[in-house]
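# Inside the fold
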Amino acid sequence: FGRDLTVLPKIDSTQTEAEKKARNGAAEGTLVVAEEQTSGRGRQGRVWHSPPGRGVWMSTVLRPEGPLTAVPQLTLLAAVAVCRAIRGVSGVEAGIKWPNDLLANGRKLCGILLEAVVEDGRVRHCIMGIGIDANLEEGDYPEELQDKVTSLLRESGTEVDRSALIAAVMNEFEQLYMLYAQEGFEPIRLLWESLSVTLGREIVVRDVRGERRGTAHGLGEQGELLMKTEDGALIPVYSGDIEIYPG
Ligand code: BTN
């Protein structure tokens, strides 16, 4: 992973660029990194703010063998990999908010977007996009994000070496991806749970079925979040966004 590397000064989105490469036959592990993105994409159709020179904006081509159900599991695997890389390189004690946001002190510092291209019911390839607010400073964010986000620089007080961070992300991912291929999702599920800041917390889930409240109980075998409602029922949540109550 990361041995076929393209570094671009400025691009609309590294996702689009990596997707083009994948369509043209690029090997698994092909990596595109940009200094700046002019239309960075987030989950659920959101915009990802990607100013120049201070963040890590990267997309990697994946060619998973498994069925479609592997895709949500890969997003969780990616979160574990990036969380371990961040902790190792910067010392910041990042934690995972379901499914794959990374937070420090309740504020988001990294987002992951896994886009799958599906043909005839099979995954043709996936593009794994990772955005880490590595060395962003307070002034780099738009006003409305100020109290929701943070960066490794703001959390640790020192600039992080972005190349070292990218290399660590690729190394951690490669190791976990191999573990996943050999042993399935269970070891990844346990690692995810150990790094989670969601479990045990009061949450509200917003998805196509509206708004539901409960306590985040654990991760199911497919990677779904198991939420315990007031009457003790365990409800699986497969997609959507959650909000964690403060406290
Ligand atoms: C999210 O939390 O909503 C996911 C954000 C993913 C952002 C990264 S930055 C590199 C790659 N290129 C994009 O356009 N998006 C992803």
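Position numbers for residues count from 1 along each chain, tracking the sequence in the order it is written. Note on the predicted model: pLDDT of at least 70 is required for a residue's local features to be given, and 80 or more for side-chain atom pairs to be given and counted; whole-chain, interface and lining totals, by contrast, use all residues.

In the annotation of an unreviewed UniProt entry, the protein chain is listed under the name Bifunctional ligase/repressor BirA and assigned to Saccharibacillus kuerlensis. Recorded under Catalytic activity (unreviewed entry), the UniProt text for the protein chain is reproduced unchanged: "biotin + L-lysyl-[protein] + ATP = N(6)-biotinyl-L-lysyl-[protein] + AMP + diphosphate + H(+)". Its UniProt record gives the protein chain a comment under Function (unreviewed entry), which states: "Acts both as a biotin--[acetyl-CoA-carboxylase] ligase and a repressor." UniProt positions are given in the numbering used here, feature names are shortened, and annotations may be inferred rather than shown by experiment.

A molecule or strand has a residue near it when that residue's C-beta atom, placed from backbone coordinates, lies within 6 Å of it. Close to the ligand lie 21 residues, the nearest being S13, G42, G111, G129 and G131. Strands here mean DSSP runs of E at least two residues long; helices mean DSSP runs of H or I at least four residues long; both are numbered from the N terminus. When contributions to the shell around the ligand are tallied by element, the ones reaching two or more residues are α1 (14-23), β3 (40-41), β5 (56-62), β8 (107-119) and β9 (122-132). Of the residues that constitute the shell around the ligand, the class distribution is six nonpolar, eleven polar and four charged. Under the scheme applied, nonpolar residues are Ala, Val, Leu, Ile, Met, Phe, Trp, Tyr, Cys and Pro; charged residues are Asp, Glu, Lys and Arg; polar residues are all the others, including Gly.

What follows is about the sheet that holds strand β10 (residues 202-207). In space, the five strands of this open sheet follow the order β13-β12-β11-β10-β14, with antiparallel pairing throughout. Every interior strand has two partners, whereas the edge strands, β13 (234-237) and β14 (241-244), have only one. Going from strand to strand, the sheet's axes swing by 45° on average, the running direction of each strand aside. The rule for pairing is simple: two strands pair if DSSP sees at least two bridges between them. Across four bridges, the pairing between β10 and β14 is antiparallel. The residue of β14 that forms the bridge with I203 is I244. Structural elements are reduced to axes, namely lines fitted to C-alpha atoms, with helices fitted over the stretch in contact, and the angle between N-to-C directions of any two is expressed from 0 to 180 degrees.

What follows is about the domain arrangement of the protein chain. As assigned here, the protein chain comprises domain 1 (5-195) and domain 2 (202-244). For domain 1 and domain 2, the distance between their C-alpha centroids amounts to 23 Å. At the level of elements, α2 (70-90) and α5 (186-195) are the ones that each hand at least two residues to the side of domain 1 that touches domain 2. Looking at the side of domain 1 that touches domain 2 residue by residue, the class counts come to five nonpolar, three polar and three charged. All domain edges in this entry derive from an automatic or database-based domain assignment.

So, on to the sheet that holds strand β6 (residues 95-97). Judged by pairing direction, the sheet is mixed, and its seven strands sit side by side in the order β1-β2-β5-β9-β8-β7-β6 without closing on themselves. At either end of the open sheet lies a strand with only one pairing partner, and these are β1 (5-8) and β6. Sheet twist, expressed as the average angle between the axes of neighbouring strands with direction ignored, equals 20°. When β1 meets strand β2 (residues 31-34), the two strands line up parallel, connected through four bridges. Its bridge partner lying in β2, V7 is registered against V33. Here α2 sits on the sheet and contacts β5, β6, β7 (101-104), β8 and β9; the angle it forms with β8, its principal contact strand, is near 145°. Contact definition: two residues whose C-beta atoms, as placed from backbone geometry, lie within 7 Å.

Let us now look at α2. Here the expected span of a helix is defined as 1.5 Å times the quantity of residues minus one. Helix length check: α2 (21 residues) gives 30 Å between terminal C-alpha atoms against 30 Å at 1.5 Å per residue, within 8%. For the exposure call, what matters is how many other C-beta atoms sit within 10 Å of a residue's own: 20 or more marks it buried, 12 or fewer exposed, and in between partly exposed, using C-beta atoms placed from the backbone. Counting buried positions along α2 gives 16 out of 21 residues, so the element sits mostly inside the fold. G91 sits one or two residues past α2 and shows a positive phi near 80°.

Pairing between β7 and β8: three bridges, direction antiparallel. Bridge assignment links A104 to a residue of β8, and that residue is R107. Where β7 folds back onto β8 in an antiparallel hairpin, the turn is made up of two residues, including N105, whose phi is positive at roughly 50°. Sheet topology note: the β8/β9 ladder contains ten bridges and is antiparallel. By the bridge assignment for β9, E115 is matched with I127. Hairpin connection of β8 to β9: two residues between the antiparallel strands, including D120 at a positive phi of 50°.

Orientation of α2 relative to helix α4 (residues 162-183), taken along the N-to-C sense of each, is 140°, at an axis distance of 8 Å. Accordingly, the angle class assigned to the pair α2 and α4 is oblique. Judged by the twist between their axes, the crossing of α2 over α4 is right-handed. Judged by residue contacts, L77, A78, V80, A81, V82, R84, A85, G88 and V89 of α2 engage A164, L165, A168, V169, E172, F173, L176, Y177 and Y180 from α4. Its residues assigned to classes, the contact of α2 with α4 shows 15 nonpolar, one polar and two charged. An angle below 35 degrees is read as roughly parallel, one above 145 as roughly antiparallel, one from 65 to 115 as roughly perpendicular, and any other as oblique. Each crossing is labelled by how the near helix is turned from the far one, with a counterclockwise turn of less than a right angle marking it left-handed and a clockwise turn marking it right-handed.

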